[in-house]
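Spelled out, the chains give:
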Amino acid sequence: MIGYALKRLALSAAVVALVVAALFVMIYAVPGDPVRVALGPRASEALIAELRERMGLDSPIWMQIGLFYWSLFQGDLGRDVISGEPVLRIIMAQLPDTMRLIAGAMVVAIVPGVALGVLSATHRGSLLDRLTSLFSVSVMAVPSFLIAIYLLLVFSIQLGWFPAIGAGRGGFDTLWRLVLPSLALGLAWIGYTARILRASVLEVMGESHVRTARAFGLSQQKIMYDYVLRIAILPTITILGIGFGQMLSGAVFAEIVFGRPGIGKLVYDAIIARNYPIITGAVLVTTVFFVLVNLVADLLIAWLDPRVRHGLSS
């Protein structure tokens with residue numbers, strides 16, 4: 001198990017390194033001079049040359065990537081070319097708002113998704129199963145940004161139940177302002193969670209150890225929680241790990257629509273201003289979070305599933 005964890009950790013580090021290299025290539029593929037865009041049309045050539053040197057853009061791209069990797073080992077993501085503040089400090093100031101939004105969206109996706117998936121599987125072919133399937137497909141088909149706009153129009157502007165914009169000032173105000181953005185981001189994942197868990201539960205319920213448990217007269221509730229869900233939940237954990245990355249990218253729309261601070265809004269503003277240090281730093285931090293969450297999901301699956309543990313041992 002420890003060897004498997006070390007291998008997955010090394011693979012995660014390789015993924016992060018590749019993402020950084022790909023990010024540099026994609027940034028330079030965008031047409032236009034980022035220094036002239038950042039300074040505006042009235043900037044002098046001397047000022048442009050100075051900023052280009054500060055951003056490190058006067059060096060070859062391979063040297064810039066190498067220097068960025070070396071800075072990472074030192075825990076330095078560079079400085080914002082506009083304010084001069086450390087990039088890591090700017091990102092860390094925005095990160096808690098985005099993490100609260102992702103956590104809220106995960107709660108929205110997991111709690112009703114698991115309940116609907118189990119009920120749909122245990123009542124297969126019933127009206128509840130059909131309504132759950134219809135709801136799941138419907139929410140999966142609608143884009144998150146469209147859900148966000150309609151939630152804002154209906155529940156904030158028309159009904160006035162929730163605040164339209166802002167992240168709140170702590171406590172209940174913060175939680176209350178988190179409801180609509182979390183719902184917009186996590187609603188589609190209720191459908192994914194419910195559909196995948198339903199299929200997985202139906203598959204596990206037909207296995208021999210579940211039939212044996214029924215033959216011994218165990219209650220349906222004990223069979224479901226002790227023998228079915230423990231295995232059936234594994235594919236859902238994998239999907240939710242991937243969903244974390246999707247929610248990070250979807251947070252851009254939620255933060256813009258609901259006027260919230262966060263990593264997504266920070267990246268959007270940095271792209272408009274062609275602020276490369278902020279873009280690379282923010283993408284790197286979100287990539288590290290995404291890779292770590294999937295690493296934890298893989299290790300959790302290996303811990304929960306004895307078949308995976310025995311496979312690793314052999």
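Residues numbered from 1 in each chain as written. Predicted model: local features only at pLDDT ≥ 70, side-chain atom pairs only at ≥ 80, totals over all residues. Heavy atoms only, no water.

S.K.: Provide a residue-level description of the packing of aromatic side chains, including the pertinent values.
M.R.: Per the counting criterion, the structure on display carries five aromatic pairs. Aromatic side chains F145 and F253 sit 5.8 Å apart centroid to centroid with 40° between the ring planes, which places their arrangement in the tilted category. With a gap of 108 residues between them, F145 in helix α7 (residues 144–158) and F253 in helix α11 (residues 234–257) connect regions that are remote in the sequence. Taken together, a centroid distance of 5.8 Å and an interplanar angle of 45° make the contact between F155 and W161 tilted. With a relative accessible area of 25%, F155 lands in the partly exposed category. Taken together, the ring pairs connect F155, W161, F162 and W176 into an aromatic cluster. (Phe/Tyr/Trp six-rings, centres within 6.5 Å; stacked < 30°, edge-to-face > 60°. Helix = DSSP H or I, 4+ residues; strand = E, 2+ residues; numbered from the N terminus. Buried < 20%, exposed > 50% of the residue type's maximum accessible area, 1.4 Å probe, protein only.)

S.K.: Explain α11 to me, using residue names and the numbers behind them.
M.R.: End to end, α11 covers 34 Å across 24 residues, agreeing with the expected 34 Å (1.5 Å per residue, within 8%). At G250, α11 shows its maximal bend, which comes to roughly 35°. One or two residues past the end of α11 sits G259, with phi positive at roughly 60°. (Expected span 1.5 Å × (residues − 1). Bend = angle between axes of the 7 residues up to and from the residue.)

S.K.: Quick rundown of the nonpolar core? Include the residues and the values.
M.R.: One finds F68, L77, I91, I263, I278 and L284 to be the most contacted residues of the largest nonpolar core, which totals 27 residues. Those elements that provide at least two residues to this core are α1 (2–29), α3 (45–55), α4 (61–73), α5 (87–122), α12 (263–273) and α13 (276–304). Sorting elements by how many residues they give to this core places α13 first, with seven residues. Excluding its chain neighbours within four sequence positions, the residues that come into contact with I278 are D80, V87, I90, L266 and A270. Counting residues in each nonpolar core, the second largest holds 14 residues, with L101, A105, M106 and W189 among its members. (Core = buried A, V, L, I, M, F, W, Y, C linked by side-chain atoms within 4.5 Å. Contact = heavy atoms within 4.5 Å.)

S.K.: Before we move on, could you go through the pattern of salt bridges and cite the residues and values that matter?
M.R.: Applying the stated rule across the entire model yields four salt bridges. With a closest N to O distance of 2.8 Å, R100 and D97 form a salt bridge. Linking R100 with D97, this pair stays in helix α5, spanning three residues, or about one helical turn. For the salt bridge of R198 with D129, the shortest nitrogen-to-oxygen distance reads 2.9 Å. (Salt bridge = Lys/Arg side-chain N within 4 Å of Asp/Glu carboxyl O.)

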